[in-house]
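The lines below spell out each chain.
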Amino acid sequence: MNPWVIAFSLCALLLVGCGPKQESRLEAMPGEIVERVGDIAILRAETPAFDQLSENDCAAAWYLSQAILAGREISRDQIYPGQAAACRFLETMGANLDYGIIPSTVQPFRLFLKNLQIHDGFYNVRTGRKIPLGGFDDRGLTNLLFVAQANSGGKLGSLIEVNLMRTFIVDTLFNPAKDSLLFDWDSNAGRWTILPPGFYDGASPSEAQAFSGKYTANSRLTHRDGVIAEQVLRAGDEELASGLFADPLRRVIDNLEKGRPYFPAPLVPAADLLKEYLRTGVSSLYDSAAIIRRSASPPVDFILGFADTRLDPFGQKGLWTGLLFLEDEAQQVKIARLVQAWPELGAALPGGSESYQAASRIKAVQLLAASGVNGALCPDVYRDPPSSDAQSHRQSLIFTNILKVRAQVRAKYLESLFCMNPNDSLEAVISAPDLAFTRITIGEMPGLEPVIPSGFHRNGAVSIEEVIREVIRQAQIWWLAGDLKLAALGMLPVQANTETYRSLARQYLISLADFSSDRYDYAVLPLLGNYLLETGALVLEEVQGKTYCLSADSAVVRGKLAQLIHRLQPATVARDQQLMNEFVSKYGGSNPEGLSREVAQRLQAAAAFNQEAFLLPLVRARINPMGGLEEVFLDQARDFNHAMLIYSGLEPTKGK
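A brief report on the enclosed structure follows. These numbers were taken from a predicted model, which means no experiment stands behind them. (Residues numbered from 1 in each chain as written. Predicted model: local features only at pLDDT ≥ 70, side-chain atom pairs only at ≥ 80, totals over all residues. Heavy atoms only, no water.)

### Observations concerning helix H9 (residues 246–259)
Thinking step 1. The end-to-end C-alpha distance of H9, which contains 14 residues, comes to 20 Å, matching closely the 20 Å that a straight helix rising 1.5 Å per residue would cover.
Thinking step 2. Of the residues making up H9, those classed as buried are Ala-246, Pro-248, Leu-249, Val-252, Ile-253, Asn-255, Leu-256 and Gly-259.
Thinking step 3. Contacts from the buried residues of H9 go to helix H2 (55–70), helix H3 (74–79), helix H10 (267–280), strand S10 (300–308) and strand S11 (319–327). (Helix = DSSP H or I, 4+ residues; strand = E, 2+ residues; numbered from the N terminus. Expected span 1.5 Å × (residues − 1). Buried < 20%, exposed > 50% of the residue type's maximum accessible area, 1.4 Å probe, protein only. Contact = heavy atoms within 4.5 Å.)

### Comments concerning helix H22 (residues 640–647)
Thinking step 1. Across the 8 residues that make up H22, a large majority, 7, are buried.
Thinking step 2. Buried residues along H22 sit in contact with strand S1 (33–37), strand S2 (40–44), helix H4 (83–94), helix H5 (103–118), strand S17 (611–615) and strand S18 (618–623).
Thinking step 3. Measuring from the backbone nitrogen of Asn-641 back to the side-chain oxygen at the start of H22 gives 3.4 Å, which picks out Asp-639 as the cap.
Thinking step 4. Looking one or two places after H22, you find Gly-649, whose phi comes out positive at around 75°. (Polar contact = N/O pair within 3.5 Å; in protein donor to acceptor, adjacent residues only side chain to side chain.)

### Here's the deal with unusual backbone geometry
Thinking step 1. The phi torsion at Asp-179 lies on the positive side, around 45°, for a residue other than glycine.
Thinking step 2. Within the secondary structure layout, Asp-179 lies in the loop between helix H7 (159–174) and strand S5 (184–186).
Thinking step 3. For Asp-179, a relative accessible area of 33% puts it in the partly exposed group.

### Looking at the environment of Ile-291
Thinking step 1. For Ile-291, the position within the fold is in helix H11 (residues 283–295).
Thinking step 2. Exposure remark for Ile-291: the relative accessible area of 24% places this residue in the partly exposed category.
Thinking step 3. Linking Ile-291 and Arg-394, residues 103 residues apart in sequence, is a C-alpha distance of 9.0 Å.

### Topic: the sheet that holds strand S9 (residues 227–232)
Thinking step 1. One open sheet accounts for 3 strands, arranged S7-S8-S9; its pairing is mixed. Strands at the two margins of the open sheet, each flanked by one partner only, are strand S7 (200–201) and S9.
Thinking step 2. Bridge analysis of strand S8 (residues 219–224) against S9 gives 6 bridges, and the strand direction is antiparallel. Bridge assignment links Leu-221 to a residue of S9, and that residue is Glu-230. (Pairing = 2+ DSSP bridges.)

### Concerning the packing of aromatic side chains
Thinking step 1. Evaluation of the coordinates by the stated rule reveals 15 aromatic pairs.
Thinking step 2. With a centroid separation of 5.6 Å and an interplanar angle of 90°, the aromatic rings of Phe-112 and Phe-174 are classed as edge-to-face. Of this pair, Phe-112 sits in helix H5 while Phe-174 sits in helix H7, placing them 62 residues apart in sequence. Like Phe-112, the residue Phe-174 is buried in the burial classification.
Thinking step 3. When the ring of Tyr-277 is compared with that of Tyr-286, the centres are 5.2 Å apart and the planes differ by 50°; the resulting orientation is tilted.
Thinking step 4. A residue is classified by how much of its surface remains accessible, and Tyr-277, at 3% relative accessible area, is buried.
Thinking step 5. Taken together through their ring pairs, the aromatic side chains of Phe-109, Phe-112, Phe-122, Phe-136 and Phe-174 make up a single cluster.
Thinking step 6. Just above the ring of Trp-479 sits the side chain of Arg-558; from NZ or CZ to the centre is 4.0 Å. (Phe/Tyr/Trp six-rings, centres within 6.5 Å; stacked < 30°, edge-to-face > 60°. Lys NZ or Arg CZ within 6 Å of the ring centre and 35° of its normal.)

The values reported here are purely geometric and, on their own, carry no functional implication.
Right under this line is the structure:
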């Protein structure tokens, strides 16, 4: 019997009445978790800088946010062709399952949908592997399809279209044997064996690496009948042939046109260049726009284009990136002070050298909207790629509101597991945002790139030398974080000198736990933690047989860190593999007896998370019958899925 006939019969069992649509808002303050999706914590971010914007700046923010959303689906198809339509199909299903179904029946689907939206598709781009399906499978998809089709009034398409999409989802995306890896690195052979199909459709690694085309970041290579062809990503016009993603790119351009009268003056020429870049695909236009943007400091700023090259093993092809951010004036003042003082601080670093001079512009901003793989899983820092002809125009954006909410959540989380005493715990939570901002800023000051910028370029193949370089980098950051000069610069509260190392100690304690994580810092912090424990800089204490506390004398810790830097830095310069191997083997697995077990039990009891996704404010507007803006304001979604449905245009928007 046709499975669709069976599904229609099963549908009758699911139609058990219409419950009211849930409208309750899940309130959460910064520093609290809105919800959890597996081991990913959803944190609610706020953007207080929005309240300081003028009416024109608010209007600019609205049109820029619409431009970002207009290109929302581009990166999905770049990661894996066909994902955008499949994700839109499943999101439409999710918007039409509020009636006529048992809640427990739809829960696995909603969990799967949230996971899909967090990762912007069916793959975890950090690992290159498909996201887990959880309890949702092809049978569940079939059962829910007809309820969604009945509720949507045919918005999912005709029966034939629905069947085709179901077949694609089940056969291609649910099938663990079908394209299970986006990319793969053969460590034995020292070469790439699988390349992302959205960038290199059928081209072998050797062909992709040897190919030289007119368009680099904004193109896709295809292999047809033995010939490599370049497909440009551009809107085109009546004189210029359209390329891939022409329709969404035209919508992006249209919103840039509408927002132009409201843009801050420095952004107008940059926006004009970007429109031409999106129309023609000429990368030099993007570079010119970036140089203009970076030389100005407007209250509203943005990045639009194929700028994120992290997913390409060769670092050439760019994913669609849409970021809207607002200047954080208070934190920018701190950065300016640090830049001025950096020559003195850098020279004082243990093992310091001329290479520690400030090498990039750092901008403190509050992230307001994002699309692509930068959306839900936002990094603390986004490194705006340098222009091809002007390396000096490189810029690092520090998302201070993302940093704040993550730091507050982490501080409360660590305090609840391993507190010193009530006063110390409170001080740790209060100081956490300042400590995190200072640490991130100091990490950016020397212009030192992280050992593995993308986290997935090598698919887990990390060399000993890379680990040691990162150990040195982290040790330098924490050595500076204990300097009282930073308090004088306003980077840290005066009382935070001791709290800096208590916070550090808690992070070491967590990192020493024996649990899996794909985060790169878990390969580095245990080395530092065990080193400091053995040298007596950190002291473990057991209170009433159940809580591990850590004593940390900042002067002692700084001294031990200085010794470590002086010891290891020459080894990296001389490429002394023996010394580096000895350090890793000595401190890589020497956790104190019982500590890993104790920490792991506490992490499990506290539902520990390895990653965070962010629920950003929604830029909303009231539009009059003539199409003009009456008001632009921020709103908060009740949960992550609600926000994604609004982004998709599937949830009716409401006013204040």
